[in-house]
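Descriptive structure summary
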Amino acid sequence: MTTIAWDGRFMAADRRISMGTTTYSSTKIRRTADGRLIGATGDWPVASLVLDWLEHGGARPDCQSSDRWCTALEVTPDGRCWLHQRDGKWPVEDAFTAIGSGREYALAVMAVGLGAEKGVEVAARFDPGTGNGIDALEIAPAAAAATSVRAGMRGAALAA
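Residues take numbers from 1 onward in each chain, read along the sequence in its written order. Confidence filtering applies because this is a predicted model: local features only for residues at pLDDT of at least 70, side-chain atom pairs given and counted only at 80 or more, and all residues used for totals across whole chains, interfaces and linings. The side-chain quantities take in all heavy atoms of the structure and omit both hydrogens and water.

Put simply, DSSP H or I for four residues or longer makes a helix, DSSP E for two residues or longer makes a strand, and each gets a number counted from the N terminus. Regarding its fold elements, the protein presents three helices and 12 strands. Here the protein holds 160 residues, and 47% of them are scored as buried. Computed by Shrake-Rupley with a 1.4 Å probe, the accessible areas treat only the displayed protein chains as cover when residues are assessed. Split by element, the accessible area of the protein, about 7,800 Å² in all, is 53% carbon and sulfur. When accessible area is computed with a 1.4 Å probe and restricted to protein chains, residues below 20% of their type maximum are described as buried, those above 50% as exposed, and intermediate ones as partly exposed.

This is the structure:
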């Protein structure tokens with residue numbers, strides 16, 4: 001699966017996509033034109049549809065049933081965090097959160113005061129569904145989007 005963490009300032013995600021025992025690398029977090037940060041985990045074709053919907057709008061994808069599912073995080077430029085799952089969304093009112101198969105590792109790391117990137121790094125060490133590098137985005141106004149993209153842990157830089 002994956003690990004995506006939000007620490008109140010940064011959203012970080014691993015890059016591992018799995019198909020059976022083969023792994024690939026892909027960017028799982030994005031900055032939208034209006035400055036929101038979005039990221040998704042789960043069945044990657046479904047997660048990609050949900051990311052496109054969160055970024056561009058339109059009708060919500062009808063892809064949240066049976067074995068094809070995903071969970072997504074959306075952070076607004078003012079730092080409000082929303083969790084999307086199945087047919088709805090709800091606000092996350094905690095100071096930090098994480099989704100995906102390595103979420104418990106990331107949550108524990110952030111609970112002791114370390115950030116989202118470190119949380120995903122630790123998850124990659126212990127969760128077989130997390131790996132292939134880390135991408136991180138800092139929440140910033142849309143006008144500053146191009147200057148706040150960071151890549152870490154052998155991850156490729158994200159295009160704004």
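Take the confidence of the model for the protein next. Per-residue confidence from the prediction method is given by pLDDT, with values spanning 0 to 100. In the predicted model, the protein carries a mean pLDDT of 86, and the fraction of residues at 70 or more is 84%. The contact criterion used throughout is that any non-hydrogen atoms of two residues lie within 4.5 Å. Low confidence marks residues 142-160, where pLDDT is under 50. Its contacts with residues over four positions away, or in another chain, come to 38 contacts.

The next subject is the pattern of salt bridges. Each salt bridge in this description consists of a side-chain nitrogen of Lys or Arg and a carboxyl oxygen of Asp or Glu lying within 4 Å of one another. The tally for this structure, following the rule as stated, stands at 10 salt bridges. A salt bridge links Asp 34 to Arg 36; the nearest nitrogen and oxygen atoms lie 3.0 Å apart. With a relative accessible area of 12%, Arg 36 lands in the buried category. With its nearest N and O atoms 3.0 Å apart, the salt bridge here joins Arg 80 to Asp 78. Take Asp 78: its relative accessible area is 53%, and that puts it in the exposed class. Sharing partners across several salt bridges, the network here consists of Arg 30, Asp 52 and Glu 55.

For the rest of this paragraph, the subject is helix α3 (residues 116-126). All of the buried residues along α3 are Ala 116, Gly 119, Val 120 and Ala 123. Across the axial projection of α3, the buried residues extend over an arc of 95°, all falling on one side. Check the buried side of α3 and you find it contacts β1 (3-6), β2 (10-14), α2 (103-111) and β11 (134-138). Directions pointing from the helix axis toward each C-beta atom define the arc.

As used here, the term nonpolar core means buried Ala, Val, Leu, Ile, Met, Phe, Trp, Tyr and Cys residues forming a set that is joined through side-chain atoms within 4.5 Å. Core analysis: the largest hydrophobic core is formed by 14 residues, its most contacted members being Ile 4, Trp 6, Met 11, Leu 37, Leu 73 and Val 75. Among the secondary structure elements, those contributing two or more residues to this core are β1, β2, β7 (70-75) and β8 (81-85). Setting aside its immediate chain neighbours within four residues, Ile 4 contacts Met 11, Ala 12, Ala 13, Lys 28, Ile 29, Gly 39, Ala 40, Thr 41, Leu 73, Thr 97, Ala 98 and Ile 99. Listed in part, the 12 residues of the second largest apolar core include Ile 38, Val 46, Val 50 and Ala 72.

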